[in-house]
Amino acid sequence: MRIRSTIFILCLLLLLSFVPSGFQQSTSANESEKTVYVIPVHETVEKGLLAFINRSIEEAEEMNAELVILDLNTPGGAVDAASDIAKSVTSTHIPLIAFVNKQALSAGAYIALSADEIYMTPGSTMGSAAIIDQQGNAAGEKAESFWLAAMKSAAELNDRDPIYAMAMADKDIDLPKLNAGKGELLTLTPTQALDVGYSEGTFNNLDELLVHLNVENHTIVQSEVSISESIARFITHPVVVPILLSLGSLGLILELYSPGFGIPGFVGISSLLLFFYGHTVAGLAGMEALLLFVVGFILLVIELFVPGGILGIIGLAAILTSVFISTESIELAAISVLIAFLVCIIVSVLLFKVFGKKVKLFDRLILKDSTHTDQGYVSTVNRIDLIGREGKALTPLRPSGTAVFADEYVDVVTEGVYLAENTSVKIVKVEGARVVVREISKLEE
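Here we summarise the structure given alongside this text.

Rules behind the numbers
- Residues numbered from 1 in each chain as written.
- Predicted model: local features only at pLDDT ≥ 70, side-chain atom pairs only at ≥ 80, totals over all residues.
- Heavy atoms only, no water.
- Helix = DSSP H or I, 4+ residues; strand = E, 2+ residues; numbered from the N terminus.
- Expected span 1.5 Å × (residues − 1).
- Buried < 20%, exposed > 50% of the residue type's maximum accessible area, 1.4 Å probe, protein only.
- Contact = heavy atoms within 4.5 Å.
- Axes fitted to C-alpha atoms, helices over the stretch in contact; angles between N-to-C directions.
- Parallel < 35°, antiparallel > 145°, perpendicular 65-115°, else oblique.
- Nonpolar A, V, L, I, M, F, W, Y, C, P; charged D, E, K, R; others polar.
- Core = buried A, V, L, I, M, F, W, Y, C linked by side-chain atoms within 4.5 Å.
- Arc of directions from axis to C-beta.

1. Points about helix α4 (residues 79-91)
Logical step 1: Along its 13 residues, α4 runs 18 Å from first to last C-alpha, staying within 8% of the 18 Å computed at 1.5 Å per residue.
Logical step 2: Along α4, the residues that are buried comprise Ala81, Ala82, Ser83, Ile85, Ala86, Ser88 and Val89.
Logical step 3: Check the buried side of α4 and you find it contacts α3 (47-62), β2 (67-74), β3 (96-105) and α5 (107-113).

2. What about the packing of α3 against α4?
Logical step 1: One way to put it is that α3 packs onto α4 with a least axis distance of 9 Å and a crossing angle of 5°. Taken together, the axes of α3 and α4 are roughly parallel relative to one another. Packed against α3, whose contacting residues are Lys47, Leu49, Leu50, Ile53, Asn54 and Ile57, the element α4 presents Asp80, Ala81, Asp84, Ile85, Ser88 and Val89 at the interface.
Logical step 2: Residues that form the contact of α3 with α4 fall into these classes: 7 nonpolar, 2 polar and 3 charged.

3. Notes on the nonpolar core
Logical step 1: Ranked by size, the top nonpolar core spans 58 residues in total, and within it Ile39, Met126, Met151, Met168, Leu188 and Tyr198 carry the most contacts.
Logical step 2: Apart from the residues within four sequence positions on either side, Met151 is in contact with Tyr110, Leu113, Ala129, Ala165, Met168 and Ala169.

4. Comments concerning helix α6 (residues 141-157)
Logical step 1: Its 17 residues place the ends of α6 24 Å apart at the C-alpha level, agreeing with the 24 Å of an ideal helix rising 1.5 Å per residue.
Logical step 2: For α6, every residue scored as buried is listed here: Trp147, Ala150, Met151, Ala154 and Ala155. In a view along the axis of α6, the buried residues occupy a sector of 130°, so they form one face of it. Residues of α6 that are exposed and point more than 90 degrees away from the buried face comprise Glu141, Lys142 and Leu157.
Logical step 3: Looking at the buried residues of α6, the elements they touch are α4, α5 and α7 (162-169).
Logical step 4: In the segment just after α6, Asp159 is the residue with positive phi, at about 60°.

The following block contains the structure:
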């Protein structure tokens, strides 16, 4: 039953990659009709969003759309994702408009500047594009220099004054005209953007913008995020990645130390499959990453039966490599792997040390049987009956050797002295398997 459930989940994940991108696109207009293609760019900018935008632009080009509109409402996100999105925006031959519908901050501002024209809604904002690292701190000088040059190039691409784009990323630029002094990043309001040439107009909503552009009678195609793309955007989120890796690692560790295949293994495999599935849909990982992971896992399993350790090291290296090449940055991968490692240690200690005796789930994992003397289990026979018996050393005792007592041969040890062969000895002490003898002449003295 468990195996069938696993196969069902695998098939379901495979089918999700073939789910249509959106129902509205399937009912789009005939190629002969004039079409405006609207792409929503909402929430955080990350690699999952990149896959969605690339697919949407391709569909717009296949429809021979006259215009593409990016409906922007984002607080920003990953710089590399924004850079790739901007490349897609500037490479299409279709005129493209950015409609700032509430906010286009940080990476969102960069995407907006890459568009041919920019329009805004009342009360919206655009700017505040400082680059920060994963911990929320200011990035290094090289990263800041790169981002400043990218913002400048995006502005110059459409004949906008680059000083304002640079002021969005550099708080040391002074702009008295906008009452924006040093010490704060520039964030433009609709009025300010219109004054400095960073906006072509302000409209209450998308419908008003379409009327202004004289395309309200065109067929409006609203791109929709497919199920697979939604899953990919969720799975590739920096917070979700370490959770999936932690569940995957912990589940497999528990499964390796339990007979058969159960819940821990199912959770572990499902988590890791989701990780690779989401990153594959987002365009971050290819089949080589999944293949590398499978090979690594097989080597770890073989290591349980083959001594040496080499296969285990190679398998672990293969798994870590598959994770690193699947994420959008080495830093994010390192942080995720470290978190997963710490979680595995902490949870393993809690499960086995604290809850091991209380949770029945671990009855298969923990050996609870013990042997007792009253049950007939004896590790060593304590020959107390030998005490006082006399005999002779068959071998030199240095201090251990063999002595004979009547017809019984016994391994004995002296009290630290050397005794020659045929020396008369007497057993004076028995401690488990340790039989202590002393020279009889010494006893008589």
